[in-house]
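Commentary on secondary and tertiary structure
Below, each chain spelled out in residue letters.
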Amino acid sequence: DMTADKYPVLHDLAPGLWSAAGLSGRGIGVGTVLGRDLALCALGQAPDAVHPITALTPRWYHFAHSSIVRLATAAYRIEDAIADFRFHAMGQEFF
């Protein structure tokens, strides 16, 4: 949940919908300020935002995300199956 420049971001996702992200362990202090800014947005007031409110832009790797996750999941399932086979081949049981 860390941004490239290590600063939290406020995103205007759709009319009436905002998000705050990138706090990564700094949620207590900074999150309070971001929460105030989001509350002002919800009330229809323009906040004097500490962090600018920007539109959410897709990153270059988002197009491949689901394929990468499917591939990684398949690889870990194969790895688990091999480990189970070796474990049972040695005559050991789980319990």
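Computed from a predicted structure; not experimentally measured. (Residues numbered from 1 in each chain as written. Predicted model: local features only at pLDDT ≥ 70, side-chain atom pairs only at ≥ 80, totals over all residues. Heavy atoms only, no water.)

**Overview of the environment of Ile 78**
Position of Ile 78 among the secondary structure elements: in helix 2 (residues 65–89). According to the relative accessible area criterion, Ile 78 is exposed, its value standing at 52%. In this structure, the C-alpha to C-alpha distance between Ile 78 and Met 90, residues 12 residues apart in sequence, is 19 Å. (Helix = DSSP H or I, 4+ residues; strand = E, 2+ residues; numbered from the N terminus. Buried < 20%, exposed > 50% of the residue type's maximum accessible area, 1.4 Å probe, protein only.)

**Side note on the pairing of strand 2 (residues 17–21)**
Pairing of strand 1 (residues 9–14) with strand 2 involves 5 bridges; the strand directions are antiparallel. Each bridged residue has a counterpart across the sheet, and for His 11 the counterpart in strand 2 is Ser 19. Between strand 1 and strand 2, which pair antiparallel in sequence order, lie 2 residues; one of them, Gly 16, sits at a positive phi of approximately 80 degrees. (Pairing = 2+ DSSP bridges.)

**Quick word on the confidence of the model for the protein chain**
When pLDDT is averaged along the protein chain, the result is 82, and 91% of the positions lie at 70 or above. Within the protein chain, the lowest mean pLDDT, 83, falls on strand 3 (residues 53–55), and the highest, 90, falls on helix 2. (pLDDT = per-residue confidence, 0-100.)

**Quick look at the sheet that holds strand 3**
The mixed open sheet is built from 3 strands, whose spatial order is 2-1-3. The sheet is open, and its two borders are formed by strand 2 and strand 3, each paired with just one other strand. The mean inter-strand angle of the sheet, taken between neighbouring strand axes irrespective of direction, is 35 degrees. Pairing between strand 1 and strand 3: 3 bridges, direction parallel. Bridge pairing in strand 3 links Leu 10 to Ile 53. With respect to the sheet, helix 1 (residues 29–42) is in contact with strand 1, strand 2 and strand 3, its orientation differing from that of strand 2 by roughly 175 degrees. (Axes fitted to C-alpha atoms, helices over the stretch in contact; angles between N-to-C directions. Contact = heavy atoms within 4.5 Å.)

**Structural notes on helix 1**
Between its first and last C-alpha atoms helix 1 spans 20 Å; for 14 residues at 1.5 Å apiece the expected length is 20 Å, and the two agree. Taken together, the buried positions of helix 1 are Leu 34, Asp 37 and Cys 41. One side of helix 1 carries all its buried residues, which in axial view fall inside an arc of 60 degrees. Opposite the buried face of helix 1, at more than 90 degrees from it, the exposed residues are Thr 32 and Ala 42. Immediately downstream of helix 1, the backbone of Gly 44 shows phi near 85 degrees, a positive value. (Expected span 1.5 Å × (residues − 1). Arc of directions from axis to C-beta.)

**Digging into a nonpolar patch on the surface**
Taken together, the side chains of Leu 13, Leu 17 and Leu 56 present a nonpolar region at the surface, about 270 Å² in accessible area. Within the fold, Leu 17 resides in strand 2. (Patch = residues over 30% accessible without salt bridge, like charges linked within 9 Å, V, L, I, M, F, W, Y side chains within 5 Å. Areas by Shrake-Rupley, 256 points an atom, 1.4 Å probe, with all protein chains shown as cover. Salt bridge = Lys/Arg side-chain N within 4 Å of Asp/Glu carboxyl O.)

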